[in-house]
Amino acid sequence: MKPAALWPVGLVVAGLACQEVGASFAVVLFPLVGALGMVTLRLVFSAVILLIVCRPKLRGYRRSDWITVIGFGAVLATMNMLFYEALARLPLGTTVTIEVLGPLVLSVVVSRRASSWLWAILAFVGVALLSQGGADALDPIGVAFAAGAGAAWAGYILLSSRSGRRFPKLDGIALAMGFAAVLSLPFGLSTAGVSIIQPTAVVLGLAVAVLSSTIPYAFELIALRRVPEAVFSILMSLAPAIAALAGLVILGQSLTWVEGAAIALVIAASIGAVRASAMRARRVADSAAAITPLQAAQSQQRWSLRARAAAGKSRRGGSRPTR
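Analysis parameters
Residues numbered from 1 in each chain as written. Predicted model: local features only at pLDDT ≥ 70, side-chain atom pairs only at ≥ 80, totals over all residues. Heavy atoms only, no water. 1 Å grid on protein atoms, 1.4 Å probe; cavity = no way out; pocket = protein on both sides within 12 Å on 5 of 7 lines; lining within 4 Å. Points joined across faces, edges and corners; volume = space filled by probe spheres on them. Nonpolar A, V, L, I, M, F, W, Y, C, P; charged D, E, K, R; others polar. Salt bridge = Lys/Arg side-chain N within 4 Å of Asp/Glu carboxyl O. Helix = DSSP H or I, 4+ residues; strand = E, 2+ residues; numbered from the N terminus. Buried < 20%, exposed > 50% of the residue type's maximum accessible area, 1.4 Å probe, protein only. Contact = heavy atoms within 4.5 Å. Axes fitted to C-alpha atoms, helices over the stretch in contact; angles between N-to-C directions. Parallel < 35°, antiparallel > 145°, perpendicular 65-115°, else oblique. Left-handed = near helix turned anticlockwise from the far one by under 90°.

Here's the deal with the layout of surface pockets
Empty space within the second largest pocket amounts to approximately 160 Å³. As for the second largest pocket, its lining consists of Val53, Cys54, Lys57, Pro168, Lys169, Leu170 and Asp171. Here the lining of the second largest pocket is composed, by residue class, of four nonpolar, no polar and three charged.

Spelled out as structure tokens, the structure:
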């Protein structure tokens, strides 16, 4: 691969590394402000940075648009609270490995192929192996929090896509981050108290926000312009391995060979699901390209009739903002 093609890949990996280093710093801050206090610090600083950079417009949106972005913010806050509560009870690599099940299962469901469930089964086997590698270390409450974070991650993906269609540029994520920060305030303030405004907590909270949100978002946006989505998704599948490495180097969280094998199985399942989805997309595109001109004309005529019929029943004013 040419150097010009390698550097966007490096950006994706660097973004993942920053995210997991930020999570490691968050664990260091737990004794001072607790998991929920850390969530509040991260979301507040992330929201401030995004709102300053993006300066989203507040006018011109429908009620349904605001419902979408508020729901997006609620899911974002829930995902972070569950993830950090899991981190307080489980090693970083284990937490991320369990969390990855959420988007993996979502990709399998969306693919609508029975064979794709083999990848989900492989991933669940990997997670089952994690308990065999260190049964005493796996707090069942922590596992439940990590699984809940995975489910919230799947919801985040769906609402992120919907928000991107309704709000231009990064306005949707900026507004959602603001709502998430507001939602997290009562939880963070009630658990951390005045400790949340101590200089050490504020500085580390800002570092976590920059490492876990700002830098990864920027790197991913740049990389997505130059890296195919399938390749990007495969690279993102490396998150459990990078998390385990960050946990080992920064937090001293060692892994047994069984736990390492379990993480490898989940990564393999994630990559397999991504490749299966990409192959299905290519087959659909090839089938569409094979349609004859007569079939295309007939399809266009049917579409026009349905569109006119729908327009006669109801019409929504204004144009929908796009990403």
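This is not the end of the story, as more comes after the structure.
Overview of the pattern of salt bridges
Evaluation of the coordinates by the stated rule reveals two salt bridges. One salt bridge in this structure joins Asp65 and Arg166, with 2.6 Å as the shortest N-O distance. Taken together, the positions of Asp65 in helix H2 (residues 63-87) and Arg166 in helix H6 (residues 140-166) put the pair 101 residues apart, joining distant regions of the chain. For the pair formed by Asp65 and Arg166, the shared burial category is buried.

Re the side chain of Asp65
Note on Asp65: relative accessible area 1%, which makes it buried. The residues touching Asp65, leaving out its near neighbours within four places in the chain, are Arg166 and Phe167.

Considering the packing of H2 against helix H7 (residues 171-192)
Following both chains from N to C, one finds H2 and H7 inclined at 55 degrees, their axes separated by 7 Å at the closest point. The angle between H2 and H7 falls in the class oblique. As for the relative orientation of H2 and H7, their crossing is right-handed in sense. Residue-level inspection shows Trp66, Val69, Ile70, Phe72, Gly73, Ala74, Leu76, Ala77 and Met81 of H2 in contact with H7, the latter providing Gly172, Ile173, Leu175, Ala176, Met177, Phe179, Ala180, Leu183 and Phe187. Of the residues in the contact of H2 with H7, the class split is 16 nonpolar, two polar and no charged.

Without other data, these values stay purely geometric and don't point to any function.
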